[in-house]
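For reference, the chains in residue letters:
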Amino acid sequence: MADYFAVQGGKPLEGTIRVQGSKNAVLPILAACLLVKGETVLHHCPMISDVEDTLLLLRKLGCLVQREGHTVRIDSTDAADLSLCDGTASTMRSSVLFLGALLGRFGHAEVPKPGGCAIGARPIDLHLAAFRQMGVCCEEKEASIYCHANTLAGAKISLPLPSVGATENILLLAAVAPGTTIVHGAAKEPEVQALAEFLNLCGANIYGTGTDTIRIEGVGRLQSGHCEYMIPPDRMVAGTLLCAAAMTGGRICLKNGRAEELEVPLRLLEETGCRIFIRPEEILLAAPKRLCGGCTIATGAYPAFPTDLQPLFMSLLTLADGTCMINETIFEARFSHALELCAMGADIRIRGQSAVITGQKKLHGACVYGQDLRAGAALLIAALAAEGESRVYGCRFLDRGYEDPQAVFGALGGTLIRKREKTII
Ligand code: UD1
């Protein structure tokens, strides 16, 4: 059975909305809860399948997990050092973040090999190289990665590229490993900063996040007691909503939008003719009659343009007046949405890691399939802007990161219904 969104497009999206909690911030923080003795309370946890799957992993490890709406309570006092090599973990890339947390808690860890995914090969060599520097033995088995350490020690680590996941795994382990760890070439993403903020709240000593050099003074087990943290708003969902309003000719106010985390995307939206107004914890966008083309986008590590918003901006630019160029520098296979957008009337030419988009006056409804999370979101906003009816398949990918798109876009005036198709095999 495949779920899809039946979308009746062509209406401007208008209104005020609060942005859900950040997927990429909450996932490493959930893994970090294993390092905390006692209860952790996380507010503003998004209701998305990646979070539910991670909560299942924590339960499997013996943590007490309770969810009341967007608040999640986790008590890891009785967590056990089990392998995560079956079921849920093998379908989740982010289970690799449990390596650092489990190693920090138990001195050993086994997680399924993450393998490639729809957007690229996504190796974890940098995570493992950093662990080895901290005294960890890492064995790559056929389907899993087993790491163990007799004695952990802080280390000087230079990352050849600022991997978000590797930086987070290092933070998780170094927060509790004896000694000082210095990470040069660290990722500066706000989600890395959120993880450090959470760990520090629980008693870790992490300095310098948001710059490319991070220093961590290991403290052994994190403090027992009561750690309470508010998950920040999701900048990728904020970007999605802004693109949706821009491409449907609408107006939107993001109640808890953080403009400082979206500097480059906001500048690009202005280049397309959108008017942007920034207030504390609020972003307003008013779309022009017709979007202007002519821009060039290159994805890069923060604070450069985020690869996760590349599909959304490609979607937006299919309706801009003129030609635009997108260079994808982070993931090697992240243009699956282009062909689907072409089925809706877009003109996109792909050559290697570059896409040339010649804007059209309009898109038309079509039956399309989003092959990954952001590709699905890009197609959904294209369908909301297109004339006529569309079917957007790939809901299971959207579910990983977007809370109830029907309610969110519906509240802004979009017409979409989630439906279930019964297929006979
Ligand atoms: C995280 C985000 C993802 C985002 C990406 C880039 C989460 C849960 N996911 O993914 O949404 O698109 O950052 O901003 O936070 N690399 C290596 N070896 C490694 C690790 C990474 O070569 O050991 C390469 C990757 O193939 C990629 C680049 O480094 O080309 C960036 O990857 P990375 O920052 O690690 O992305 P993730 O942490 O997987």
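Rules behind the numbers
- Position numbers for residues start from 1 in each chain and track the written sequence from start to end.
- Residue-level local features of this predicted model are given only where pLDDT is at least 70; pairs of side-chain atoms are given and counted only at 80 or more, and the full residue set underlies all totals for whole chains, interfaces and linings.
- Excluded from the side-chain calculations are hydrogens and water; all other atoms, namely the structure's heavy atoms, are used.
- Proximity criterion: a residue is near a molecule or strand once any of its heavy atoms comes within 4 Å of it.
- Identification of polar contacts relies on pairs of N or O atoms within 3.5 Å, with a donor-acceptor requirement for protein atoms, meaning one able to donate a hydrogen and the other able to accept it, and with residues adjacent in sequence counted only if both atoms are side-chain atoms.
- We get accessible surface area from the Shrake-Rupley algorithm with a probe of 1.4 Å; when it comes to residues, only the shown protein chains can shield them.
- For the purposes of this entry, the term helix denotes a DSSP run of H or I that reaches at least four residues, the term strand denotes a run of E that reaches at least two, and both are numbered from the N terminus.
- DSSP-based pairing: two strands are paired if at least 2 bridges between them are found.
- All axes here are fitted lines through C-alpha atoms, helices being fitted over the stretch that makes contact, and every angle between N-to-C directions spans 0 to 180 degrees.
- Small angles under 35 degrees read as roughly parallel and large ones over 145 as roughly antiparallel, with 65 to 115 read as roughly perpendicular and the rest as oblique.
- Helix crossings fall into two classes, left-handed where the near helix is turned counterclockwise from the far one by less than a right angle and right-handed where it is turned clockwise.
- Contact definition: two residues touch when any of their heavy atoms are within 4.5 Å.
- Each residue is assigned to one class: nonpolar for Ala, Val, Leu, Ile, Met, Phe, Trp, Tyr, Cys and Pro, charged for Asp, Glu, Lys and Arg, and polar for all the others, Gly among them.
- Type-normalised accessible area, obtained with a 1.4 Å probe on protein chains alone, sets the label of each residue: buried when under 20%, exposed when over 50%, and partly exposed for intermediate values.
- Think of it this way: Lys and Arg go in the positive column, Asp and Glu in the negative one, and His and the chain ends go nowhere.
- Salt bridges are counted wherever a side-chain nitrogen of Lys or Arg sits within 4 Å of a carboxyl oxygen of Asp or Glu.
- Any pair of cysteine sulfurs within 2.5 Å is marked as a disulfide.
- Remark: nonpolar core denotes a set of buried residues (Ala, Val, Leu, Ile, Met, Phe, Trp, Tyr, Cys) joined through side-chain atoms within 4.5 Å.

Caption draft 1: Up close: the site of the ligand. In the region of the ligand, 17 residues are neighbours, and Asp125, Ser163, Val164, Asp308 and Ile330 sit closest. A distance of 3.0 Å separates an oxygen atom of the ligand from a polar atom in the side chain of Arg122. Here an oxygen atom of the ligand and a backbone polar atom of Gly165 are 2.8 Å apart. In the complex, 82% of the free accessible area of the ligand, which totals 740 Å², lies under the protein chains. Elements that contribute at least two residues to the shell around the ligand include exactly helix 5 (125–133) and helix 6 (164–174). Per-element tally for the shell around the ligand: the top contributor is helix 5, with 3 residues.

Caption draft 2: Local environment of the sheet that holds strand 10 (residues 180–184). Spatially, 9-10-12-11 is the arrangement adopted by the 4 strands of the open sheet, whose pairing is mixed. The strands lining the two open edges of the sheet, one partner per strand, are strand 9 (156–158) and strand 11 (205–207). Within this sheet the neighbouring strands show an average axis-to-axis angle of 15°, counted without direction. Two strands pair when backbone bridges link them, and strand 10 and strand 12 (residues 213–217) are joined in this way by 5 bridges, in the antiparallel orientation. Bridging across to strand 12, Thr181 finds its partner in Ile216.

Caption draft 3: Summary view of the packing of helix 5 against helix 6. Close contact between helix 5 and helix 6 brings their axes to 8 Å; oriented N to C, the two are set at 30°. Judged on the interaxial angle alone, helix 6 and helix 5 are roughly parallel. Crossing geometry of helix 5 relative to helix 6 is assigned as right-handed. Listed contacts from helix 6 to Leu126, His127, Ala130 and Phe131 of helix 5 are Gly165, Ala166, Asn169, Ile170 and Leu173. Of the residues assigned to the contact of helix 5 with helix 6, the class counts are 6 nonpolar, 3 polar and no charged.

Caption draft 4: Just the side chain of Arg105, in detail. With respect to the helices and strands, Arg105 occurs in helix 4 (residues 97–106). This buried residue, Arg105, is left without a salt bridge; Asp78 holds the nearest opposite charge, at 6.8 Å. In terms of polar contacts, Arg105 uses its side chain to reach the backbone carbonyl oxygen of Leu34, at 2.9 Å. When sequence neighbours within four positions are dropped, the list of residues in contact with Arg105 reads Leu34, Leu35, Ser76, Thr77, Ala79 and Arg221.

Caption draft 5: Spatial organisation of helix 1 (residues 23–32). Burial analysis of helix 1 places 9 of its 10 residues in the buried class, which makes it a mostly covered element. All of the buried residues in helix 1 are Lys23, Ala25, Val26, Leu27, Pro28, Ile29, Leu30, Ala31 and Ala32. Sitting at the head of helix 1, Ser22 places a side-chain oxygen 3.4 Å from the backbone nitrogen of Asn24.

Caption draft 6: Examining the side chain of Ser315 more closely. Structurally, Ser315 is set in helix 10 (residues 310–317). Its relative accessible area of 0% is what places Ser315 among the buried residues. Here Ala378 takes part through its backbone oxygen, which lies 2.8 Å from a polar atom of the side chain of Ser315. Those residues in contact with Ser315 that sit more than four places away from it in its chain are Met247, Leu341, Ala378, Ile381 and Ala382.

Caption draft 7: Layout of the pairing of strand 7 (residues 137–140). Taken together, the 4 bridges between strand 7 and strand 8 (residues 144–148) define a ladder with antiparallel strand orientation. Within strand 8, the residue paired with Cys137 across the bridge is His148.

Caption draft 8: Summary view of the sheet that holds strand 3 (residues 39–43). Across the sheet, which stays open at both edges, the 4 strands sit in the order 4-5-3-13 with mixed pairing between neighbours. Two strands close off the open sheet at either side, each with one partner strand: strand 4 (64–68) and strand 13 (226–230). In this sheet, adjacent strand axes meet at a mean angle of 15° when their direction is disregarded. Of the strand pairs in this sheet, strand 3 and strand 5 (residues 71–75) are connected by 4 bridges, and their pairing is antiparallel. Bridging across to strand 5, Val41 finds its partner in Arg73. Lying over the sheet, helix 2 (residues 49–60) contacts strand 4 and strand 5, oriented at roughly 150° with respect to strand 4. This element, helix 7 (residues 190–201), spans strand 3 and strand 13 of the sheet and lies at about 155° to strand 13.

Caption draft 9: Fine view of helix 9 (residues 263–271). Taken together, the buried positions of helix 9 are Val264, Pro265, Leu266, Leu268 and Leu269. Of the residues flanking the end of helix 9, it is Gly273, one or two places downstream, whose phi is positive at about 100°.

Caption draft 10: Spatial organisation of the state of the cysteines. With the rule as written, the count across this model stands at 0 disulfides. Free cysteine Cys147: the closest other cysteine sulfur is in Cys138, separated by 3.7 Å. Not engaged in a disulfide, the cysteine Cys292 finds its nearest cysteine sulfur in Cys274; these two sulfurs lie 8.6 Å apart.

Caption draft 11: Quick look at the nonpolar core. Membership of the largest hydrophobic core comes to 78 residues, with the highest contact counts inside it found for Leu42, Ile74, Phe98 and Leu199. If you tally residues by element for this core, the top one is helix 1, at 7 residues. One finds Cys243, Ala366, Tyr402 and Phe409 within the second-largest nonpolar core, a separate group that totals 71 residues.

Caption draft 12: Layout of the pattern of salt bridges. All told, the structure shown has 20 salt bridges when counted by the stated rule. With a closest N to O distance of 3.6 Å, Arg73 and Glu39 form a salt bridge. A residue pair is termed long-range when its members are at least 10 positions apart, and Arg73 in strand 5 and Glu39 in strand 3 qualify at 34 residues. Residue classification places Arg73 among the partly exposed residues on the basis of a relative accessible area of 28%. The salt bridge partner of Arg258 is Glu261, with a shortest N-O separation of 3.6 Å.

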